[in-house]
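Close look at the chain arrangement
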Amino acid sequence: MKPEELLKEAEKAAERSYSPYSNFNVGAALLCADGQVVTAGNIENRSYGLTICAERSAIVKAISMGQTKFSAMAVCCTKADYPVSPCGACRQVISEFTESDFPVYFSGMNLDDFVSTTTGELFPFDALSEMRDGKYNE
Ligand code: THU
């Protein structure tokens, strides 16, 4: 699946965002290894700190559905005129379930203007993957 197609799914998911407090609609689309695309929007709360970003919503949803392996993720914020990158909390959660070369694409309202990156670039020196790769003793 092309990045553009996955971003389109993220854009659709942003329509179902629950963001009455920020009015900042974000959608995430997670391509699973079996080809299924799991999507979610950000889900806010009147106690602002309880807000769950689109990326974490999509990951929690996918894991709950029994998905365990992921091929790529796209994030689209339809209210921003610049590409919106995952927050620090989301970067850590993405790193829990993906390898360092896992592709992450993110955009604003203009889907053609997207950034293509990886879990490793977003979250370097990740203890989980570095221990797995045996890098601590290098
Ligand atoms: N948000 C996301 O869902 N993902 C991001 O990558 C950036 C921020 C949400 C959290 C909150 O509901 C709103 O955007 C404003 O920060």
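Now for a description of the structure that goes with this document.

What counts and what doesn't
Residues numbered from 1 in each chain as written. Predicted model: local features only at pLDDT ≥ 70, side-chain atom pairs only at ≥ 80, totals over all residues. Heavy atoms only, no water. Near = heavy atom within 4 Å. Polar contact = N/O pair within 3.5 Å; in protein donor to acceptor, adjacent residues only side chain to side chain. Areas by Shrake-Rupley, 256 points an atom, 1.4 Å probe, with all protein chains shown as cover. Salt bridge = Lys/Arg side-chain N within 4 Å of Asp/Glu carboxyl O. Helix = DSSP H or I, 4+ residues; strand = E, 2+ residues; numbered from the N terminus. Buried < 20%, exposed > 50% of the residue type's maximum accessible area, 1.4 Å probe, protein only. Contact = heavy atoms within 4.5 Å.

**Remarks on the site of the ligand**
Around the ligand, the neighbouring residues are S22, F24, V26, N42, E44, T51, C53, A54, E55, V84, S85 and P86. Between E44 and the ligand, the recorded distance is 2.5 Å, taken from a side-chain N or O atom to an oxygen atom. Surface burial for the ligand is 80%, taken as the share of its 370 Å² of free accessible area covered by protein chains.

**Some words on the pattern of salt bridges**
Evaluation of the coordinates by the stated rule reveals 2 salt bridges. Where E11 meets K8, a salt bridge forms, and the shortest distance between an N and an O atom there is 3.0 Å. Here E11 and its partner K8 are both found in helix α1 (residues 3–14), 3 residues apart, which amounts to about one turn of the helix. Given the relative accessible area of 44%, K8 is considered partly exposed. Of the charged contacts, one joins K12 and E9 as a salt bridge, the two residues approaching to 3.3 Å between their closest N and O atoms. Highlighted residues: K12 and E9, both in helix α1, separated by 3 residues, approximately one helical turn.

**Notes on helix α2 (residues 54–64)**
Among all positions of α2, only A54, E55, S57, A58, I59 and A62 are buried. Residues of α2 that are buried make contact with β1 (26–32), β2 (37–41), β3 (70–77) and α3 (88–97). After α2 finishes, the residue G66 shows a positive phi value of roughly 100°.

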